[in-house]
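Remarks on the overall topology
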Amino acid sequence: MLITKNRLPKSILIGLASLILPLGAQATSDTSKNMHQLYEDNCASCHGSDHGGFIAPGLNADSLKGRSPTALRSLIMTGSFDTLMPPFYGRLSDDEIRGLVKHLQTTPKQANPAWTIDDIKSSIKVYVKDESTLPAKPTYQINSMDDVIGVAARGKYGRGSGSKAVFINSVTHKQIGEIPTGTAAHIIDYNPANPRWAYVKTDTAEIFKVDLYSMQAVRSVKTGFNGPGLGVSRDGKYIMAGSYVPHNAVILDADTLEPLKTFELEGVDPDGKMVSSDSGMIIGTPFADIFAIALENAGQVWVVDLKEGFPVTKIEKVGRHLHDAFLSHGGSKLMVASYDDSIVTAIDLKDRKIIKKLEAGCVPHVGGGSVVEVDGRTLGFGTNFGDCDKMVVSVWDLDKMEVVKQVPVSGGTESPAAHANAPYVAVDIISKDRRARTIQLIDKKTLEVVKTLDVGGHAYFPEYSADGKFLYVSAGYSGDEVVVYDSSSLQKVASVQMESPAGIFSHGRVRYMTRGLSSDEMKGAK
Amino acid sequence: MRLSVLSGLLILGAAQSVNAASIYAGEAKAAAVCSQCHGIRMPSADAPFPPLAGRDMDYLKTALKQYRDKTRKSDIMNAIAGSLSDDDIGNVAAYYAKLKQ
């Protein structure tokens, strides 16, 4: 089948052979066990270990019913344009691809696999035994650790040598380090109490504790099979991680990554049905020693107190199919997006009660959210997938908890970025055509779109540098670069190459909590 | 003097019409059709696809035309090149040839 083989450069050929031979050997006995392993090794990090879907659609007998095996085979071979689905041509043999299609079309969605506190504990890997041997300050030139920007590079195949967390100095726009993560990095969070520690979570629910001073991973732990949820407590002592597969969350010691307590995620959903639930966002807040976690399917937000026994307060009926959220007002107000109700629900973390449900366009995905003070008002900006005829970005007054405006934009959006010192709020257009190459800039005073930038690739996850002078955007999918703009002139000033960049996370966020807030807001939290 | 300017212009004009290639159109086509496998500047380190950036323009054009008329065989490239017009091929080749790895 590999007719082009003799025309490929030798080095690639050797790589190809080493790639294909062991897999080919595996697949000769075409058992479903082998096919399952092939699925786990190539597909599961995006499509879900349980075949139920994660960042990509579920692949099971039910979801693929009636689909042509030939069409599926060619889709696997060529990949799917305008998505993250890569071409597996040359990575999997034709027999393997045919076998996989058959396997997927006959395998039901799997039951939740177990991943217990003991599994988590025994998954800990230690790369640096004695942390006292680590350097006392950064081994590279940087004025402030706030200037560090981390990018989750997925790697073309969602795994492999391109999958890493890349760290950049946002003053010079030069890469200062990279941490290989094996599978696609998804979330990067920073320790608010000690600027040297970062935590990188992958699509396969592994968390790497990273020493930013020496730019290396010191430990890792596997908290589940899939799931992006990750938060760090304000005192820097705890991290909490949540999974789609299995349906649980865990609090870890932020220092050792030892699991301290797991939580089974289940509850009564807004329609009165008892359900087991994926973990949505998890957030630590400067407001209190707590974590908040969204139970996606149960429509509940749980507040976990970081004290003996980690007791839970459950807030019910927040909305149908919750996903992500952001903080405001010193971290005392939590804005949670509900996909299915197309609302953002404001929660008071002090009283642990719902304040109000606000309109949020169609299928709100707020990313990290954005909050910025404009003429004395605290304005929140909310993006949404926009799967309806109304394509808008919602602007809310978070003091009064009311909708100020729904700003028309050119398509669906996934993540906003604002900064106290930057004139524009950036939103990424994700509609699946040429628009996906662009971001739009909303003037934060007039609340109108004033500019569209063609970033390239699939442009998403804008983020400002800590000083607000530069806007970073991922030219994702096959764009393979992070593009940097001057945040006032909107001129392109730099590009940093990497494979399939996605989320961008400024270290400055531990000081301003949510993109757009000034560090003054944080003083109010104390 | 005037003559040399004129002939310069003629050559320029001729060169343009020969190439008639738009690297902008090439960029769009490459992003939509080629980059999925070959990347823009580099394919993935894990991918078995050759890089195209900086390759000779005529080589790229010839290769794409051979794939299109199936004198050069590849399941996948025969299908993909089959969707490209002469202009597309010229544009894509001009774009990739201009790029640095």
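Residues numbered from 1 in each chain as written. Chains lettered and ligands numbered in written order. Predicted model: local features only at pLDDT ≥ 70, side-chain atom pairs only at ≥ 80, totals over all residues. Heavy atoms only, no water.

The next subject is the sheet that holds strand β11 (residues 248–253) of chain A. All names here are of chain A. If you trace the four strands from one edge of the open sheet to the other, you get β9-β10-β11-β12, paired in antiparallel fashion. Edge positions in the sheet fall to β9 (230–232) and β12 (259–264), since each of these pairs with one other strand and no more. Averaged over all adjacent pairs, the angle separating strand axes in this sheet is 15°, with direction ignored. Summarising the sheet, strand β10 (residues 238–242) and β11 pair through five bridges and their orientation is antiparallel. Along β11, the bridge assignment pairs Y238 with D253. (Pairing = 2+ DSSP bridges. Helix = DSSP H or I, 4+ residues; strand = E, 2+ residues; numbered from the N terminus. Axes fitted to C-alpha atoms, helices over the stretch in contact; angles between N-to-C directions.)

Residue and element names in this part refer to chain B. Along its 13 residues, helix α5 (residues 86–98) runs 18 Å from first to last C-alpha, staying within 8% of the 18 Å computed at 1.5 Å per residue. For α5, the complete set of buried residues consists of D88, I89, G90, N91, V92, A93, A94, Y95 and Y96. As for α5, its buried residues are in contact with α2 (23–38) and α3 (57–68). (Expected span 1.5 Å × (residues − 1). Buried < 20%, exposed > 50% of the residue type's maximum accessible area, 1.4 Å probe, protein only. Contact = heavy atoms within 4.5 Å.)

A separate point is the pairing of strand β17 (residues 300–305) of chain A. Residues and elements named next belong to chain A. With six of its six residues buried, β17 lies for the most part within the structure. Burial along β17 is two-sided: Q300, W302 and V304 facing one way and V301, V303 and D305 facing the other are all buried. Here six bridges tie strand β16 (residues 288–295) to β17, and the two strands are oriented antiparallel to one another. From the neighbouring strand, A294 faces β17, where its bridge partner is V301.

A few words on the interface of chain B and chain A. If you look at the interface, chain B gives 25 residues, while chain A gives 32 residues. Taking both partners together, chain B and chain A bury about 2,300 Å²; carbon and sulfur atoms supply 56% of that area. Contact with chain A buries area across many residues of chain B, yet Q36(B), D46(B) and P48(B) alone supply 32% of it, more than any other trio. At the junction of chain B with chain A, the criterion picks out one salt bridge. Here E27(B) makes a salt bridge to R437(A), at a shortest N to O gap of 3.9 Å. For the pair chain B and chain A, the interface holds eight residue pairs in polar contact (both at pLDDT 80 or more). Sort the elements by how many residues they give to the side of chain B that touches chain A and α2(B) lands first, with eight residues. Partitioning the side of chain B that touches chain A into residue classes produces 14 nonpolar, five polar and six charged. (Buried area = accessible area lost by both parts, 1.4 Å probe. Salt bridge = Lys/Arg side-chain N within 4 Å of Asp/Glu carboxyl O. Polar contact = N/O pair within 3.5 Å; in protein donor to acceptor, adjacent residues only side chain to side chain. Nonpolar A, V, L, I, M, F, W, Y, C, P; charged D, E, K, R; others polar.)

This part is about the packing of aromatic side chains. Residues and elements named next belong to chain A. Counted according to the given criterion, the structure contains 10 aromatic pairs over all chains. With 6.4 Å between their ring centres and 25° between their planes, F326 and W396 make a pair best called stacked. You can see F326 sitting in strand β19 (residues 322–328) and its partner W396 sitting in strand β25 (residues 392–397), a full 70 residues away along the chain. Here W396 falls in the buried class, since its relative accessible area comes to 0%. Measuring from ring centre to ring centre gives 5.8 Å for Y460 and Y477, while their planes differ by 85°; the resulting arrangement is edge-to-face. Here Y460, found in strand β31 (residues 458–464), pairs with Y477, found in the loop between β32 (470–476) and β33 (481–486); they are 17 residues apart in sequence, far enough to count as distant. This pair shows no difference in class: Y460 is buried, exactly as Y477 is. Taken together through their ring pairs, the aromatic side chains of Y460, F461 and Y477 make up a single cluster. Taking NZ or CZ as reference, R91 lies 3.8 Å from the ring centre of Y157, over its face. (Phe/Tyr/Trp six-rings, centres within 6.5 Å; stacked < 30°, edge-to-face > 60°. Lys NZ or Arg CZ within 6 Å of the ring centre and 35° of its normal.)

Its location among the elements puts R434(A) in the loop between β28 (424–429) and β29 (438–443). Its relative accessible area of 52% is what places R434(A) among the exposed residues. Separated by 397 residues in sequence, R434(A) and Q37(A) place their C-alpha atoms 36 Å apart. What R434(A) contacts, discounting residues up to four positions off in sequence, is D454(A) and A28(B).

To continue, consider the side chain of D203(A). Residue and element names in this part refer to chain A. Within the secondary structure, D203 is located in the loop between β6 (197–202) and β7 (206–211). For D203, a relative accessible area of 1% translates into the label buried. Ignoring any residue separated from it by four or fewer positions in sequence, one finds D203 in contact with S45, F54, I55, R154, A184, H186, F225, N226 and G227.

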